[in-house]
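# A closer look at the structure
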Amino acid sequence: DSPAQAVLEVDANSTSDDSILRFQANQVTKGSILYNHNPTSAQEKMEFRVGANDILFIKGEGKVGIGATDPKSILDVEGGVAIGSAYSGTTAAPAQGLIVEGQVGIGTSAPQDQLEIDKNQTGQFTAIRITNEGDAIGTSAGLRMFSDDSAFNEFEMARVEARLIDTADGAE
């Protein structure tokens, strides 16, 4: 640190203690940043709290959790995610879901349509798998494609479905 820099240090004096920076109004904590000291960097964690909610967690190994207190991936998110200026800050994503403005590429960085899946491996089959774990008669999983005509009337273009059939009497 050079003499021209201002430094705020919070020393916990031990790897078994926490360093906490609290933000208060009228002696009531409104938010905080907590650094959880641990002997290994994988166990260390910073926690950001706003109001009574733990919002963001950063582990010493570089994993980030938004709403996830113990992230297992580079980025773990609990709750809905909105991506793109048309949705971000204006439209709530589905609960535990994703809403995306623009094109989505899986296996490609330059999708040509709303959704493009590219396995990009010769001799490999690219597929979309739709699974319904239901085991009741009549349970189905399917893929339905729709289009709009010039009057914006929705009509079904194609349907592929699989149904569980009762093999005893052939009933759905």
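See the structure above.
Residues numbered from 1 in each chain as written. Predicted model: local features only at pLDDT ≥ 70, side-chain atom pairs only at ≥ 80, totals over all residues. Heavy atoms only, no water.

## Some words on the sheet that holds strand β2 (residues 28-36)
- Spatially, 6 strands are ordered β1-β2-β3-β4-β5-β6 in an open sheet, and the strand pairing comes out mixed. Looking at strand neighbours, the two that pair on one side only are β1 (18-25) and β6 (75-77), the edges of this open sheet. The mean inter-strand angle of the sheet, taken between neighbouring strand axes irrespective of direction, is 15 degrees.
- Direction of pairing for strand β3 (residues 45-50) relative to strand β4 (residues 53-59): antiparallel, over a ladder of 6 bridges. Looking at the pairing, V50 lines up with N53 of β4. (Pairing = 2+ DSSP bridges. Helix = DSSP H or I, 4+ residues; strand = E, 2+ residues; numbered from the N terminus. Axes fitted to C-alpha atoms, helices over the stretch in contact; angles between N-to-C directions.)

## Points about the environment of Q103
- Turning to its location among the elements, Q103 is positioned in the loop between β8 (98-100) and β9 (104-106).
- On the accessibility criterion, Q103 (44% relative accessible area) is partly exposed.
- Spatially, the C-alpha atoms of Q103 and D113 are 6.2 Å apart, while their sequence positions differ by 10 residues.
- Residue contacts for Q103: discarding those within four places in its chain leaves P111, Q112, D113 and Q114. (Buried < 20%, exposed > 50% of the residue type's maximum accessible area, 1.4 Å probe, protein only. Contact = heavy atoms within 4.5 Å.)

## A short note on the side chain of H37
- By the element assignment, H37 lies in the loop between β2 and β3.
- Among the polar contacts made by the side chain of H37, one reaches the side chain of S19 at a distance of 2.7 Å. (Polar contact = N/O pair within 3.5 Å; in protein donor to acceptor, adjacent residues only side chain to side chain.)

## Re the pairing of β2
- Where β1 and β2 come together, 8 bridges link them in antiparallel fashion. Within β2, the residue paired with A25 across the bridge is V28.
- Linkage of β1 to β2, two consecutive antiparallel strands, is achieved through a turn of 2 residues, within which N26 is found at a positive phi near 55 degrees.
- In this sheet, β3 lies alongside β2 in antiparallel orientation, the contact comprising 6 bridges. Its bridge partner lying in β3, L34 is registered against E47.

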